[in-house]
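For reference, the chains in residue letters:
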Amino acid sequence: MKLRFNEEKRSQPDPFIFEDNGIFYLYVTADPGVEAYTCDSLTGIWTYRGVVTAFADAHTFWAPSVIRLEDKYYMYVSCITAAGFQFMHVASADSPLGPFKNEKCLYPRFSIDSHMVRTEAGLFLWYAEDNTRCELKGTRVFVDRFIDPYTPEYDPKEVLLPEFEEEKYTPHCTPKGNWYTLEGPFWFKEGEWQYLMYSAGCYQDDTYHIGYAVAKSEEQDLKKVDFVKVTDHGKFAPLIIKNDFEEGTGHHSVIKHRGQYYAIYHGREYENSTAEGYVERRTARICRLTVGDGVITAERYESHL
């Protein structure tokens, strides 16, 4: 189901859902800065709130996430600055609508798709970065512990690796070799199980999808948890992939509201594809998730929940 917006012509790539004091916030990828929307219900009409970042000389902001720690809000986002191409940054604000400023570059290398979480063992950042020192080269999912919101330990653990042909990022594939992409990690815990969801493949391709990995563990130090991809007896088994009414489905976030889990992800209508190639029309969508005993199922609807 597509979310409804007061400005229908805008796109919402890489939507991150966040709730604070009964208001829902949605943060999305955009060029001039992270853009935000608000709504008083998950399926109401979302209001565009504009750019909420205040970074100096930055552009092409990718895949933000936000966490509240005490009375501050912290945004983790990749962007292009004079320091380099798509480096991960952190910034803080006194409000969920920013302006997020006092930015700091966290990793001086390509690093994208953040999800900062807090457990009893501290702060942990899930994100994606490249690994070219392996057989299946490409982007993988990592986790790093943080000393405080601005300071990583700089000792990330590689958690999820590519293994299926459907995880290829085709624009980077050449006659000399293939490139694979696992990205967009989102972690949560329910009962005895920890779930690590992710996107894989190329957002322009039919095989772009959301998958997940699981670990039955009470371990709070997330660098000590070993996750296993959920497959169909070792075969490719995506949770969300194109269907009869939407394509380009991926890069999501998850929220639990009144006991029900929901995934917020982006997708495209089929009629929005063109013969000339890809056109940016990714829009935010929502579906129910059923979560339990290490299994996630998704209930997708074309028109309404």
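The coordinates are above.
Residues numbered from 1 in each chain as written. Predicted model: local features only at pLDDT ≥ 70, side-chain atom pairs only at ≥ 80, totals over all residues. Heavy atoms only, no water.

**What to know about the nonpolar core**
Within the largest apolar cluster, 36 residues are counted, with the highest numbers of intra-cluster contacts made by Tyr27, Phe100, Phe188, Met197, Leu289 and Ile296. The leading source of residues in this core is strand 7 (residues 72-81), at 4 residues. (Core = buried A, V, L, I, M, F, W, Y, C linked by side-chain atoms within 4.5 Å. Buried < 20%, exposed > 50% of the residue type's maximum accessible area, 1.4 Å probe, protein only. Helix = DSSP H or I, 4+ residues; strand = E, 2+ residues; numbered from the N terminus.)

**As for the sheet that holds strand 19 (residues 247-257)**
The strand order across the open sheet built from 4 strands is 19-20-21-22, with neighbouring strands paired in antiparallel fashion. With one partner strand each, in any of the chains shown, strand 19 and strand 22 (295-299) form the two edges of the open sheet. Adjacent strand axes in the sheet meet at a mean angle of 35 degrees, parallel and antiparallel pairs treated alike. When strand 20 (residues 260-268) meets strand 21 (residues 283-292), the two strands line up antiparallel, connected through 7 bridges. The residue of strand 21 that forms the bridge with His266 is Ala284. (Pairing = 2+ DSSP bridges. Axes fitted to C-alpha atoms, helices over the stretch in contact; angles between N-to-C directions.)

**Section: unusual backbone geometry**
Cis geometry marks the peptide bond from Gly98 to Pro99, where omega comes out at 10 degrees. In this structure, Pro99 sits in the loop between strand 8 (84-93) and strand 9 (101-119). In the Ramachandran plot, Asp14 falls in the positive-phi region, its phi being about 55 degrees despite a non-glycine side chain. Of note, Asp14 is situated in the loop between strand 1 (4-5) and strand 2 (16-20). By relative accessible area, Asp14 is classed as buried at 10%. A positive phi angle, near 55 degrees, is found at Gln86, a position not held by glycine. On the basis of relative accessibility, which here comes to 0%, the residue Gln86 falls in the buried class.

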